[in-house]
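Overview (structure and organization)
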Amino acid sequence: MRIYSITLLLLLAVAARLTLCDLSYQRPKILIVTLIRNKEHTLPYFFSYLESLDYPKDRIALWIRSDHNEDRSIEITKAWLKRTSRHYHSVDFGYRSDVERRPDERSSTHWSEERFADVIRLKQEALEKGRKMWADFVFS
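All of the points below concern the structure found in this document. (Residues numbered from 1 in each chain as written. Predicted model: local features only at pLDDT ≥ 70, side-chain atom pairs only at ≥ 80, totals over all residues. Heavy atoms only, no water.)

**Brief notes about the packing of aromatic side chains**
- Within this structure, the stated rule accounts for 6 aromatic pairs.
- A ring pair is formed by Trp80 and Tyr88, whose centres lie 5.9 Å apart and whose planes are at 50 degrees; its orientation type is tilted.
- Assessed through its relative accessible area of 5%, Trp80 is described here as buried.
- Given the relative accessible area of 5%, Tyr88 is considered buried.
- Members of the aromatic cluster, each reached through a chain of ring pairs, are Phe46, Phe47, Trp80 and Tyr88.
- Over the face of the ring belonging to Trp111 we find Arg115, whose NZ or CZ atom lies 4.0 Å from the ring centre. (Phe/Tyr/Trp six-rings, centres within 6.5 Å; stacked < 30°, edge-to-face > 60°. Buried < 20%, exposed > 50% of the residue type's maximum accessible area, 1.4 Å probe, protein only. Lys NZ or Arg CZ within 6 Å of the ring centre and 35° of its normal.)

**Remarks on the pairing of strand S3 (residues 90-95)**
- Judged from the 6 bridges that link them, strand S2 (residues 60-66) and S3 form a sheet pairing that is parallel. Residue pairing across strands places Leu62 opposite Val91, the latter belonging to S3. (Pairing = 2+ DSSP bridges. Helix = DSSP H or I, 4+ residues; strand = E, 2+ residues; numbered from the N terminus.)

**Comments concerning the layout of surface pockets**
- If you add up the space inside the largest pocket, you get close to 260 Å³.
- Taken together, 16 residues form the lining of the largest pocket, with Leu35, Ile36, Arg37, Trp111 and Arg115 sitting closest to its centre.
- Going through the elements one at a time, strand S1 (30-36), S2 and helix H4 (113-132) are the ones with two or more residues in the lining of the largest pocket.
- In terms of residues, the lining of the largest pocket owes the most to one element, H4, which gives 4 residues.
- In terms of residue class, the lining of the largest pocket is made up of 5 nonpolar, 4 polar and 7 charged. (1 Å grid on protein atoms, 1.4 Å probe; cavity = no way out; pocket = protein on both sides within 12 Å on 5 of 7 lines; lining within 4 Å. Points joined across faces, edges and corners; volume = space filled by probe spheres on them. Nonpolar A, V, L, I, M, F, W, Y, C, P; charged D, E, K, R; others polar.)

In short, shape yes, function no, at least from these values alone.
Printed below as a string of structure tokens:
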């Protein structure tokens, strides 16, 4: 009988501690990195999936970059952000509105070395942003 009492007391102590921890627990802060280029056809789906995430929006930061679009990707992103950005922890949206391809690209889907280097630079910039904001997770 004494073993059950000690076990019950230990369980109650652990439960009380968990309850106290739960009161001060904040879910991890997440940074979602999104690079957009000519994605007009998929952006509405992507943004609707992002909105339907079952996670507190105030714990999600968005870092979005876009350049060299030949479609309405920037306009769609701006419209979505205008409607939803206030719900998120923070939003950092940067874009270049020039439509011209890079000199070393043969088509809008061609990945030149310069384009690879630019994407790596952007991902590094996003990672540094995540570090500065103390993001627990960075999804890219």
